[in-house]
Amino acid sequence: MLRILDSERISLIQEYCLERFGINQEKLENYRWYIGSKNRIYIGPEELKRIKPESIGLCVFRLDKTPKPTTNFLQLFGRYITKNIIELDDNETINYCSGKDLNPERKLDVVPGFVMVRHKDRFLGCGHWNGSLIKNQIPKSRFCKINFL
Amino acid sequence: MEPFQTIRQGIIERYSVLVDNPTEFAEAIHKPLEQSFRINTLKGDKENILEQLKNYDSEITEVPWNDNAYVSQLNNLGSSLEHFVGQIYIQELTSMIPPLIVKDVIDNNTILDCCAAPGSKTTQIAGMMQNRGHIIANDSRHARLKSLRGNLDRLGVTNATVTLRDFKSFPNTEADLYLVDAPCSSEGTIRKKNAIARMWKEKDYKRFTKLQKGLLNKACEMAPSGSTIVYSTCTFSPEENERVISEIIDNHPVKVENIGINGLKTSPGITEWNGKRYNKEVEKCMRIWPHHNDTDAFFVARLEKC
């Protein structure tokens, strides 16, 4: 069951997006925000009046101790993200898209926490950086063997 | 003879009488289709994405009648990074037609996609709307919602609400456009590998006709005056195309609108089949034959509620 998300938690997410990823608040303003089961947050169109929907819009976050961005969200808003980005090479990209965690040996200029993982200007999705490992956060249903990149 | 060959032969025999050039029609039916796709402009700039793709597929060709349709020489674009990140959607060229004939009504409006799964046209329309307005994406089968939801997520669609209802019992909902891309015998997809499992019998056509009339009837009932209804199938069968439209316009205050796409060769709807005559207005419907544009077969009609 989806409910309208209260303005306090909308602000919390918008502040997190600005602080963590540098996304300007204006990019997230023209949406209706909903909360569903397991504290999943959606952005979408207005509610239907006479029919119960299966889902509305796009699942963009899950609220836990901190907001966890979804791969859907980072792929769609990737062009507005200015920090906490990890750039992958070809081999790392193939491994990441197949669901593997990565252990990059180079120095990364990112703060531990959720990051956007990128290959050139293609936004692969979400990862979690703990200082030594990029823990794969792509949903299992999206894992894919990449043959062309 | 292999079962698939038998189906092809059956289709050629049944429909050769309707085409301008039976030899070319028969040749086209036997020729496999190349993979086609469109670019999802919700996830990036068309030119940039195309440039990336050309790094590994230099043979990509543009489609003269659709400025966002391309044909690839590769047959597994589904394993490309562009597909993974939702920058492209693999879709038959003919399947892209319904949204193209309603460009004038989709901007920032409410669209009810009555049989939405797996979401090809829903995501295409969402891209054309740039995620504005509202699409109600309905399907009657729970098993098909997974693919619909997966495609909406992958392509970054934020303006769609997914519903699970038999459309014939869908609550009355006002929309500017009703899209009825009806389940059909799918004969027009014969050029795709293993597209249909068997040759249909007369009773199968009757079953599809009943289902299609039920869906279109419901859309026409709930549509407010001035709204647009688009009906489409991927079959040759007049029982599922002109007959459905003919009976609907005889029973509802709707009119058939003239449609056309620059550069796409089409044929008018037929007015007689197997001894049955249809309303002359069905000539305004659009038929696409495989040998005319090197595509699948398709049928589409645009109606306006009076």
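Just so it is clear, the structure is predicted and the values come from calculations on it, not from any experiment.

(A) Fine view of the nonpolar core. Residues and elements named next belong to chain B. Ile-11, Leu-112, Val-180, Leu-216, Ile-229, Ile-245 and Leu-303 are the most contacted members of the largest nonpolar core, which has 50 residues in total. Among the elements that line this core, the one with the most residues is helix H9 (residues 202–222), at seven residues. The residues touching Val-180, leaving out its near neighbours within four places in the chain, are Cys-114, Leu-215, Leu-216, Ala-219, Ile-229, Val-230, Tyr-231 and Ser-232. Membership of the second largest hydrophobic core comes to 38 residues, among which are Ala-117, Ala-126, Met-129 and Leu-148.

(B) Quick peek at the interface of chain B and chain A. At the interface, 37 residues of chain B touch 33 residues of chain A. Buried area between chain B and chain A, summed over both chains or domains, comes out near 2,900 Å², and the portion from carbon and sulfur atoms is 61%. Three residues stand out in chain B for area buried against chain A, namely B:Leu81, B:Phe84 and B:Thr158, and they jointly supply 26% of the buried area on that side. One salt bridge connects A:Arg122 with B:Glu82, and the closest N-O pair in it is separated by 2.3 Å. Within the residue set of the side of chain B that touches chain A, elements represented by two or more residues are helix H4 (81–84), strand S6 (134–139), helix H8 (142–155) and strand S7 (160–164) of chain B. Broken down by element, the side of chain B that touches chain A gets its largest block of residues, six residues, from H8(B). Judged from the two bridges that link them, strand S4 (residues 55–56) of chain A and S7(B) form a sheet pairing that is antiparallel. Following the sheet pairing, A:Ile56 is matched in S7(B) by B:Thr161.

(C) Geometry of the pattern of salt bridges. Using the criterion set out here, one finds 25 salt bridges over all chains in the structure. Between A:Arg118 and A:Glu87 there is a salt bridge, and its shortest N-O distance comes to 3.0 Å. Residue A:Arg118 is found in strand S8 (residues 113–119), and its partner A:Glu87 is found in strand S7 (residues 85–87); the two are separated by 31 residues along the sequence. Overall, A:Arg118 belongs to the partly exposed group, its relative accessible area being 25%. With its nearest N and O atoms 2.6 Å apart, the salt bridge here joins B:Asp294 to B:Arg191. One end of the pair, B:Asp294, is in the loop between helix H11 (290–293) and strand S15 (298–305); the other, B:Arg191, is in the loop between strand S8 (177–181) and H9, and 103 residues separate them in sequence. Classification of B:Asp294 by relative accessible area gives partly exposed; the value is 36%.

(D) Geometry of H8(B). Residue and element names in this part refer to chain B. Here H8 spans 21 Å end to end across 14 residues, near enough to the 20 Å set by a 1.5 Å rise per residue. Along H8, the residues that are buried comprise Leu-145, Leu-148, Arg-149, Asn-151, Leu-152, Asp-153, Arg-154 and Leu-155. At the C-terminal side of H8, Gly-156 shows a positive phi close to 75°.

(E) Summary view of the side chain of A:Thr70. Residues and elements named next belong to chain A. Looking at where Thr-70 falls in the secondary structure, it is placed in the loop between strand S6 (67–69) and helix H2 (71–77). Judged by its relative accessible area of 14%, Thr-70 falls in the buried class. When sequence neighbours within four positions are dropped, the list of residues in contact with Thr-70 reads Cys-59, Val-60, Phe-61 and Cys-126.

(F) Summary view of the sheet that holds strand S2 (residues 61–63) of chain B. Residue and element names in this part refer to chain B. Within the open sheet, the four strands sit side by side as S2-S3-S1-S4. Their pairing is antiparallel. Two strands lie at the open edges of the sheet, namely S2 and strand S4 (88–90), each paired on one side alone. Taken pair by pair, the neighbouring strands of this sheet meet at an average axis angle of 35°, ignoring direction. Here strand S1 (residues 35–39) pairs with S4 via three bridges, running antiparallel. In the sheet register, Ile-39 faces S4, and the bridge partner there is Ile-88.

(G) Spotlight on the sheet that holds strand S2 (residues 32–35) of chain A. Residues and elements named next belong to chain A. Taken together, five strands build an open sheet; the order of strands is S1-S2-S3-S5-S6 and the sheet is antiparallel. Of all the strands in the sheet, just strand S1 (3–4) and S6 have a single pairing partner and so form its edges. Sheet analysis places S2 next to strand S3 (residues 40–44), joined by four bridges and oriented antiparallel. Bridging across to S3, Ile-35 finds its partner in Ile-41. Helix H1 (residues 7–21) rests against S2, S3, strand S5 (58–63) and S6 of the sheet, and its axis sits at about 90° to S5.

(H) Spatial organisation of unusual backbone geometry. Residues and elements named next belong to chain B. Omega for the peptide link from Ala-117 to Pro-118 comes to 5°, which places this bond in the cis form. Its location among the elements puts Pro-118 in the loop between strand S5 (110–113) and helix H7 (120–129). Despite not being glycine, Asn-131 shows a phi value in the positive range, around 65°. Position of Asn-131 among the secondary structure elements: in the loop between H7 and S6. With phi around 55°, Asp-294 is a residue other than glycine that occupies positive phi space.

Parameters and conventions
- Residues numbered from 1 in each chain as written.
- Chains lettered and ligands numbered in written order.
- Predicted model: local features only at pLDDT ≥ 70, side-chain atom pairs only at ≥ 80, totals over all residues.
- Heavy atoms only, no water.
- Core = buried A, V, L, I, M, F, W, Y, C linked by side-chain atoms within 4.5 Å.
- Buried < 20%, exposed > 50% of the residue type's maximum accessible area, 1.4 Å probe, protein only.
- Helix = DSSP H or I, 4+ residues; strand = E, 2+ residues; numbered from the N terminus.
- Contact = heavy atoms within 4.5 Å.
- Buried area = accessible area lost by both parts, 1.4 Å probe.
- Salt bridge = Lys/Arg side-chain N within 4 Å of Asp/Glu carboxyl O.
- Pairing = 2+ DSSP bridges.
- Expected span 1.5 Å × (residues − 1).
- Axes fitted to C-alpha atoms, helices over the stretch in contact; angles between N-to-C directions.

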